[in-house]
Amino acid sequence: MKWTENYRVNSHDCDASGKVRPSLILRYMQETANLQLHNLGPTTDELIRDDRAFILSRINLSIYAELHAYDNISVSSWACESRGVSFNRCYSIHRNGELVAEAVSVWGLIGISDRKIYRVEDVTLGFDIDEPLELDAPKRVHIPRDLSLSLVGERSIVYSDLDLNQHMNNTNYPDMLCDFIPDIVDQRILNISISFAGEARLGETLKVYMRSADGQYYFRTIRSDGSTNVEAMIMVED
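These numbers come from a predicted model, not from an experiment.

Let's talk about the pairing of strand 8 (residues 188-196)
The side chains of a regular strand alternate between both faces of the sheet.
No. 1: Most of strand 8 is tucked away: seven of the nine residues are buried.
No. 2: Sheet analysis places strand 2 (residues 52-63) next to strand 8, joined by five bridges and oriented antiparallel. Bridged to Ser62 within strand 8 is Asn191.
No. 3: As paired elements, strand 8 and strand 11 (residues 228-237) share eight bridges and run antiparallel to each other. Its bridge partner being in strand 11, Ile192 is matched across the sheet by Ile234.

Things to note about the packing of aromatic side chains
Each aromatic ring pair is specified by the distance between its two centres and by the angle formed by the two planes.
No. 1: What the rule picks out here adds up to three aromatic pairs.
No. 2: Look at Tyr7 and Tyr28: their rings are 5.3 Å apart centre to centre, the planes differ by 55 degrees, and that puts the pair in the tilted class. With Tyr7 in strand 1 (residues 3-8) and Tyr28 in helix 1 (residues 22-40), the pair connects residues that are 21 residues apart, well separated along the chain. There is no split in this pair, since Tyr7 and Tyr28 are both buried.
No. 3: Both rings, one in Tyr173 and one in Phe196, keep their centres 5.2 Å apart while their planes meet at 90 degrees; by these two values the pair is edge-to-face. Within this pair, whereas Tyr173 is found in helix 3 (residues 173-178), its partner Phe196 is found in strand 8, the two being separated by 23 residues in sequence. Comparing Tyr173 with Phe196 shows no difference in burial state: the two are buried.

Quick word on the pattern of salt bridges
No. 1: Under the defined criterion, the tally for this structure stands at 13 salt bridges.
No. 2: The salt bridge involving Asp71 is made with Arg95; its shortest N-O contact spans 2.9 Å. Note that Asp71 is positioned in the loop between strand 2 and strand 3 (72-79) and Arg95 in strand 4 (residues 87-95), a separation of 24 residues in sequence. Across the pair, Arg95 and Asp71 agree in class, each one buried.

A look at the state of the cysteines
No. 1: Scanning the entire structure with this criterion turns up zero disulfides.
No. 2: Of all cysteine sulfurs in the structure, the one in Cys80 sits closest to Cys90, which takes part in no disulfide; the separation is 3.3 Å.
No. 3: Sulfur of Cys178: no disulfide; nearest cysteine sulfur belongs to Cys14 and is 15 Å away.
No. 4: Residue classification places Cys178 among the buried residues on the basis of a relative accessible area of 5%.

A few points about the side chain of Asn229
No. 1: Within the element layout of this structure, Asn229 appears in strand 11.
No. 2: Classification of Asn229 as buried rests on a relative accessible area of 0%.

About the thresholds
Residues numbered from 1 in each chain as written. Predicted model: local features only at pLDDT ≥ 70, side-chain atom pairs only at ≥ 80, totals over all residues. Heavy atoms only, no water. Buried < 20%, exposed > 50% of the residue type's maximum accessible area, 1.4 Å probe, protein only. Helix = DSSP H or I, 4+ residues; strand = E, 2+ residues; numbered from the N terminus. Pairing = 2+ DSSP bridges. Phe/Tyr/Trp six-rings, centres within 6.5 Å; stacked < 30°, edge-to-face > 60°. Salt bridge = Lys/Arg side-chain N within 4 Å of Asp/Glu carboxyl O. Disulfide = S-S within 2.5 Å.

Encoded structure:
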């Protein structure tokens, strides 16, 4: 079952070139998914009462056209057939009938206190599944072995990054990574793939490693304990 919401793009979602930033594209998608859960269940509050939370594991986002301030958009999100501990979900954004962006994602259902990993059959969703997109499934980001990433900076996790799960909200990651791409305001982002390995909590300082190759930027962010936070690939064009 697809859940669809209509939005008018907020002018504050745009960058210096007037196009909507990638984190905000993802945010419209995630808000639509959240509204499906809010209206049909299980709601965020119900999950918290059960000491559970959905955590994003992987996402593959493709952007086909730029969005601008005050565009009227129709955003859809739906759950797809899922197995084991992987909950699959898709998204699409249309403007005047034109497909602007789409994404596929994999989520995990985690115990908040005990970090238990729940299986698909352990939760009852209040809606049916729909057909998956033909977009490539979000596999683990593969950074070529012969590509040596260089330290390009650090990023501290602050109050404005946090969500109800007490870690950096997944929609903040595209903008955080794009902050390290030279002249990003003059480029168009075509695709963003992110694999989430470990959460980033308040006060954490991430080390950001990056390397470009053939129009693609590869990233790895490392937590203070030396473990991986995320690995990502961002494809751009001039």
